[in-house]
Amino acid sequence: MSFEDRMATVDFRVAPDAHIVVDNEVCQGCPAKQCIHACPANLFVPTSDGGILFNYEQCFECGTCYMVCNNEGAITWAYPEGGHGVVFRRG
Ligand code: SF4
Ligand code: SF4
């Protein structure tokens, strides 16, 4: 199944508060920025000041960003509050 097909089976119930918070100051000192390529939803976007712009709304909650980031404190990760977040539908 292609990524686009997979995306067609996904809904997001966006919570009012971000379940992942990225500390841009830590990211500015991170040369590798593994998160940009690791996130399957492309939610980490490099900024002109050397930091990261992060959007939580279409997160799959896969945890990959948290696994690949080596900089302590850069990512604060939790599951969205009850009833929110990614929803996988039948095709
Ligand atoms: S989230 Fe982690 S891997 Fe990504 S730029 Fe920030 S410090 Fe680097
Ligand atoms: S949990 Fe997965 S989908 Fe969500 S921001 Fe991290 S890598 Fe991207």
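The coordinates are above.
A quick note: this is a predicted structure, and the numbers were derived from the prediction, not measured. (Residues numbered from 1 in each chain as written. Chains lettered and ligands numbered in written order. Predicted model: local features only at pLDDT ≥ 70, side-chain atom pairs only at ≥ 80, totals over all residues. Heavy atoms only, no water.)

Draft legend 1. Broad picture of the overall build of the protein. From N to C terminus, the protein includes four helices and six strands. Walking the protein from its N terminus toward its C terminus, one meets helices and strands in the order α-β-β-α-α-β-β-α-β-β. Dimensions of the protein along its principal axes, counting C-alpha atoms only, are 40 × 30 × 20 Å. Counting every position in the protein, which comprises 91 residues, the buried fraction comes to 32%. Long-range contacts, defined here as pairs at least 24 residues apart, represent 66% of the contacts in the protein between residues at least 6 apart. By element, 51% of the accessible surface of the protein is carried by carbon and sulfur atoms, the whole surface being about 5,900 Å². Here the protein carries 5 positive and 11 negative side-chain charges, and the mean point of each set is 13 Å from the other. (Helix = DSSP H or I, 4+ residues; strand = E, 2+ residues; numbered from the N terminus. Buried < 20%, exposed > 50% of the residue type's maximum accessible area, 1.4 Å probe, protein only. Contact = heavy atoms within 4.5 Å. Areas by Shrake-Rupley, 256 points an atom, 1.4 Å probe, with all protein chains shown as cover. Lys, Arg positive; Asp, Glu negative; His and termini not counted. Charge placed at Lys NZ, Arg CZ, Asp CG, Glu CD.)

Draft legend 2. Up close: the site of ligand 2. Close to ligand 2 lie 14 residues; Cys 39, Cys 59, Cys 62, Gly 63 and Cys 65 are nearest. Class assignment of the residues belonging to the shell around ligand 2 gives a composition of 11 nonpolar, two polar and one charged. (Near = heavy atom within 4 Å. Nonpolar A, V, L, I, M, F, W, Y, C, P; charged D, E, K, R; others polar.)

Draft legend 3. Broad picture of the pattern of salt bridges. Here the structure, examined in full by the defined rule, presents one salt bridge. The salt bridge involving Arg 89 is made with Asp 11; its shortest N-O contact spans 2.9 Å. Taken together, the residues Arg 89 in the segment after β6 (85-88) and Asp 11 in strand β1 (residues 10-13) connect sequence positions 78 residues apart. By relative accessible area, Asp 11 is classed as partly exposed at 33%. (Salt bridge = Lys/Arg side-chain N within 4 Å of Asp/Glu carboxyl O.)

Draft legend 4. Main features of the site of ligand 1. Lining the immediate environment of ligand 1, one finds Cys 27, Cys 30, Lys 33, Gln 34, Cys 35, Ile 52, Cys 69, Asn 71, Ala 74 and Ile 75. Using a 2 Å cut-off from the grid points, one finds that ligand 1 occupies the largest cavity. (1 Å grid on protein atoms, 1.4 Å probe; cavity = no way out; pocket = protein on both sides within 12 Å on 5 of 7 lines; lining within 4 Å. Sits in = over half its atoms within 2 Å of the grid points.)

Draft legend 5. Quick peek at empty space enclosed by the protein. As enumerated under the stated definition, the model contains three cavities of 30 Å³ or more in all. Quantified by volume, the largest cavity comes out at close to 100 Å³. In this structure, the largest cavity is lined by 13 residues; those nearest its centre are Cys 27, Cys 30, Cys 35, Cys 69 and Ala 74. Counting residues per element, the ones that place at least two in the lining of the largest cavity are α2 (24-28) and α3 (34-38). Taken together, the residues of the lining of the largest cavity break down into 10 nonpolar, two polar and one charged. (Points joined across faces, edges and corners; volume = space filled by probe spheres on them.)

Functional significance is not addressed by these values, which are geometric in nature.
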